[in-house]
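So the chains spell out like this:
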Amino acid sequence: MTPSQALPSRTSSGITRGSSGRSRSGWTGQQALGLTWGGDQASDFWSLQTLVTATLTAAASGFSNWSHDVGGYLGERLVSRCPRELLLRWAWFGCFTPLMQAHGRFPQEAWAYDAEALAIYREAVLLHERLLPYVRAAAATAARTGLPIVRPLLLSDPADERGWTLGDQYGYGPALWVAPVLEDGAREREVSLPRGDWLDLWTGEHHTGGGELLAPAPIDRIPAYVRSGSILVTHPAEHVAHGVGDTPERERPLEATLYGEPPLGRTGVRLADGTRIRWRDGEWSAQPERKIRFSTSPVP
């Protein structure tokens, strides 16, 4: 989705960018560059709230590859590093955005806080990297169709009136629904699940969509759900724990997990590299054959 060769730093549409293709500011036509980021935020919960809304607005405007600085760039009140709780909430939001990066004016690396903060931050980074096959497949869909990786409800279900006012939660690819925690001290939050059946990503608990629920939100995770009947394809944790390296994509090991029961007794996914994984009447198949660990979601 990113242009294969460098263009002049300013195009006729007024877009400024570096030679890597990452845009910083622009106007109509900027979507063609494939990547932008949310700007320099202060390190406070209001900035995180507005960033989530901006992420959904960007997605609805044709931007699929999107990044932001985890913890904010400018610091708290512009004079000190990101507060601990905000950093962890921001890290989980970063986990469920296409490009997770950390960049700031102050020493706010996770290891600069405490052991628990480092462990939680590491889990968010690990899951983000494990989701690479899933996100790459969603990016390929975006390149073919324009449907972005981050999917506001108004795009995925325009008939659901809630989507036209919902600015703080979103679909992430075809199978995930994510509700970032955006208030200091919150340990639960209201989630508006889209219509259909959903499973809690962390516990496997079943929920019927189309309404609201009050979800637990401990400091070590945020509410996230998988659409029932979906296959979630990830890399094994042990493969990405030390970095994916330069292993060719088709040679990387995969995990394919079926969540719930497909309503028609069958389901499937196509990865960005062309691999097709199918589940039908309890049987798995993959074309071409490759190293895949198959499983079903745990039953609570």
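Only a predicted model underlies this, so the values are computations on that prediction, with no experimental measurement involved.

1. Considerations on the overall build of the protein chain
Next up, step 1: A tally of regular secondary structure across the protein chain gives 6 helices and 19 strands.
Next up, step 2: C-alpha atoms of the protein chain, sized along the principal axes, occupy 55 × 45 × 45 Å.
Next up, step 3: Here the protein chain holds 300 residues, and the buried ones make up 49% of them.
Next up, step 4: Only carbon and sulfur atoms are counted for the fraction: they give 52% of the accessible area of the protein chain, which is about 14,500 Å².
Next up, step 5: One way to put it: in the protein chain the 30 positive side-chain charges average out to a point 7 Å from where the 33 negative ones average out.

2. A short note on the side chain of Ser-64
Next up, step 1: Position of Ser-64 among the secondary structure elements: in the loop between helix H1 (45-60) and strand S4 (65-69).
Next up, step 2: Take Ser-64: its relative accessible area is 7%, and that puts it in the buried class.
Next up, step 3: Here the side chain of Ser-64 touches Ile-149 through a polar contact of 3.0 Å, landing on its backbone nitrogen.

3. So, the packing of aromatic side chains
Next up, step 1: Evaluation of the coordinates by the stated rule reveals 4 aromatic pairs.
Next up, step 2: On the basis of an interplanar angle of 90 degrees and a centroid distance of 6.1 Å, the ring pair of Phe-96 and Tyr-172 is categorised as edge-to-face. Residue Phe-96 is found in the loop between helix H2 (84-95) and strand S5 (99-101), and its partner Tyr-172 is found in strand S7 (residues 170-172); the two are separated by 76 residues along the sequence. We note that Phe-96, like Tyr-172, is buried.

4. Some words on the pattern of salt bridges
Next up, step 1: Tallied over the entire structure, the rule returns 12 salt bridges.
Next up, step 2: Arg-84 is paired through a salt bridge with Glu-116; the nearest N and O atoms lie 2.6 Å apart. On the criterion of sequence distance, the pair formed by Arg-84 in helix H2 and Glu-116 in helix H3 (residues 115-130) is long-range, its members being 32 residues apart.
Next up, step 3: On the basis of relative accessible area, Arg-84 is assigned to the partly exposed category, the value being 27%.
Next up, step 4: The partner of Asp-168 in a salt bridge is Arg-189, with the nearest N and O atoms 2.9 Å apart. Of this pair, Asp-168 sits in the loop between helix H5 (153-156) and S7 while Arg-189 sits in strand S9 (residues 188-192), placing them 21 residues apart in sequence.
Next up, step 5: Judged by relative accessible area, which is 25%, Asp-168 ranks as partly exposed.
Next up, step 6: A relative accessible area of 12% places Arg-189 in the buried class.
Next up, step 7: Here the salt bridges share partners, and the residues they tie into one network are Arg-130, Glu-238, Glu-255 and Arg-293.

5. Concerning H3
Next up, step 1: Taking 1.5 Å per residue as the helical rise, H3 with its 16 residues ought to reach 22 Å, and the 22 Å between its terminal C-alpha atoms agrees with that figure.
Next up, step 2: Within H3, the full set of buried residues consists of Ala-117, Ile-120, Tyr-121, Ala-124, Leu-126, Leu-127 and His-128.
Next up, step 3: Structurally, the start of H3 carries an N-cap: the backbone nitrogen of Glu-116 is 3.1 Å from a side-chain oxygen of Asp-114.

6. Brief notes about the packing of H2 against H3
Next up, step 1: Where H2 contacts H3, the two axes come as close as 8 Å, and the packing angle between them is 10 degrees. Between H2 and H3, the crossing angle belongs to the class labelled roughly parallel. Residues Arg-84, Leu-87, Leu-88, Ala-91, Trp-92, Gly-94 and Cys-95 of H2 touch H3, and the partners they reach there are Glu-116, Ala-117, Ile-120, Tyr-121, Glu-123, Ala-124, Leu-127 and His-128.
Next up, step 2: Grouping the amino acids of the contact of H2 with H3 by side-chain chemistry returns 10 nonpolar, 2 polar and 3 charged.

Rules behind the numbers
Residues numbered from 1 in each chain as written. Predicted model: local features only at pLDDT ≥ 70, side-chain atom pairs only at ≥ 80, totals over all residues. Heavy atoms only, no water. Helix = DSSP H or I, 4+ residues; strand = E, 2+ residues; numbered from the N terminus. Buried < 20%, exposed > 50% of the residue type's maximum accessible area, 1.4 Å probe, protein only. Areas by Shrake-Rupley, 256 points an atom, 1.4 Å probe, with all protein chains shown as cover. Lys, Arg positive; Asp, Glu negative; His and termini not counted. Charge placed at Lys NZ, Arg CZ, Asp CG, Glu CD. Polar contact = N/O pair within 3.5 Å; in protein donor to acceptor, adjacent residues only side chain to side chain. Phe/Tyr/Trp six-rings, centres within 6.5 Å; stacked < 30°, edge-to-face > 60°. Salt bridge = Lys/Arg side-chain N within 4 Å of Asp/Glu carboxyl O. Expected span 1.5 Å × (residues − 1). Axes fitted to C-alpha atoms, helices over the stretch in contact; angles between N-to-C directions. Parallel < 35°, antiparallel > 145°, perpendicular 65-115°, else oblique. Contact = heavy atoms within 4.5 Å. Nonpolar A, V, L, I, M, F, W, Y, C, P; charged D, E, K, R; others polar.

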